[in-house]
Amino acid sequence: MRRYARWAQAYAYRRVGDREEARDLAQEAFARAFHAMPRFRLGHPFLPWFLTILDNVCRSYLRRRRPEIGLEGVREPSADGGMQSLDQRLLLERALRELPEEQRRVVVMRDMEGYVHSEVAERLGIPEGTVASRLHTARRRLRRFLAGGGRR
């Protein structure tokens, strides 16, 4: 848990947009992983298995929660003045929510968390080619959504 706690909280935050909820969801995922440990197959990587649990916990939370656009995570202006406007940030958050789950995960891990293709593939337990394909499709959808001002 110590090894992945910060990563799990950051990943959950990117998914749900609320730091307190992300902390709770990460803890819930670790508790579920602990109880499911007898089903974990030794010799297989832990992180993809745990990520599946964390994704399921986040997905359940998002299904229960009414969709809303929140202000959590809106960045403050940087010293160089380079900040997205609030409207741009909210539009991007909305665009991300419009993506299918598989594509959103890849975009968050690659473009927001900075993982390289091979790391995303390993953590999700999918081939690198699948990561590239999902990322390409997701970016195309995001560009189209953003160019249309949030209209599908």
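Above this text sits the structure in question.
This section reports on the structure supplied with the text. (Residues numbered from 1 in each chain as written. Predicted model: local features only at pLDDT ≥ 70, side-chain atom pairs only at ≥ 80, totals over all residues. Heavy atoms only, no water.)

Assigned secondary structure in the protein chain consists of 7 helices and 0 strands. Across the protein chain, contacts joining residues at least 24 apart in sequence account for 60% of those joining residues at least 6 apart. Accessible surface, the protein chain as shown: approximately 9,700 Å² in total, 50% of it carbon and sulfur. (Helix = DSSP H or I, 4+ residues; strand = E, 2+ residues; numbered from the N terminus. Contact = heavy atoms within 4.5 Å. Areas by Shrake-Rupley, 256 points an atom, 1.4 Å probe, with all protein chains shown as cover.)

It is worth spelling out the side chain of R15 at this point. Tracing the chain through its elements places R15 in helix α1 (residues 5-16). Discounting chain neighbours no more than four positions away, the residues touching R15 are D55, C58, R59, L62, E101 and R104.

The next subject is the pattern of salt bridges. If you walk through the whole model with that rule in mind, you get 7 salt bridges. The closest approach of N and O atoms between D55 and R15, which form a salt bridge, is 2.6 Å. In this pair, D55 is assigned in helix α3 (residues 46-64) and R15 in helix α1, connecting sequence segments 40 residues apart. Accessibility assignment for this pair places D55 and R15 in one class, buried. Residue D55 is joined to R105 by a salt bridge in which the shortest nitrogen-to-oxygen separation is 2.6 Å. Here D55, found in helix α3, pairs with R105, found in helix α5 (residues 101-112); they are 50 residues apart in sequence, far enough to count as distant. This pair shows no difference in class: D55 is buried, exactly as R105 is. Salt bridges here are not isolated pairs; linked through shared partners, they connect R15, D55, E101, R104 and R105. (Salt bridge = Lys/Arg side-chain N within 4 Å of Asp/Glu carboxyl O. Buried < 20%, exposed > 50% of the residue type's maximum accessible area, 1.4 Å probe, protein only.)

So, on to the packing of helix α6 (residues 117-124) against helix α7 (residues 128-147). Viewed as axis vectors pointing N to C, α6 and α7 meet at an angle of 105°, and their least axial separation amounts to 8 Å. When the interaxial angle is binned, α6 and α7 end up roughly perpendicular. Counting all contacts with α6, which are made through H117, S118, V120 and A121, the residues of α7 involved are E128, V131, A132 and L135. Its residues assigned to classes, the contact of α6 with α7 shows 5 nonpolar, 2 polar and 1 charged. (Axes fitted to C-alpha atoms, helices over the stretch in contact; angles between N-to-C directions. Parallel < 35°, antiparallel > 145°, perpendicular 65-115°, else oblique. Nonpolar A, V, L, I, M, F, W, Y, C, P; charged D, E, K, R; others polar.)

Within the fold, R23 resides in helix α2 (residues 19-36). For the pair formed by R23 and A8, sequence separation is 15 residues and the distance between their alpha carbons is 8.3 Å. In terms of polar contacts, R23 uses its side chain to reach the side chain of E20, at 2.7 Å. (Polar contact = N/O pair within 3.5 Å; in protein donor to acceptor, adjacent residues only side chain to side chain.)

Soluble globular proteins: nonpolar side chains tend toward being buried together. Counting 38 residues, the largest nonpolar core has W7, F50, L54 and M109 as the members making the most contacts within it. When residues of this core are traced back to their parent elements, those giving at least two are α1, α2, α3, α4 (86-98), α5, α6 and α7. By residue number, the principal contributor to this core is α3, which donates 8 residues. (Core = buried A, V, L, I, M, F, W, Y, C linked by side-chain atoms within 4.5 Å.)

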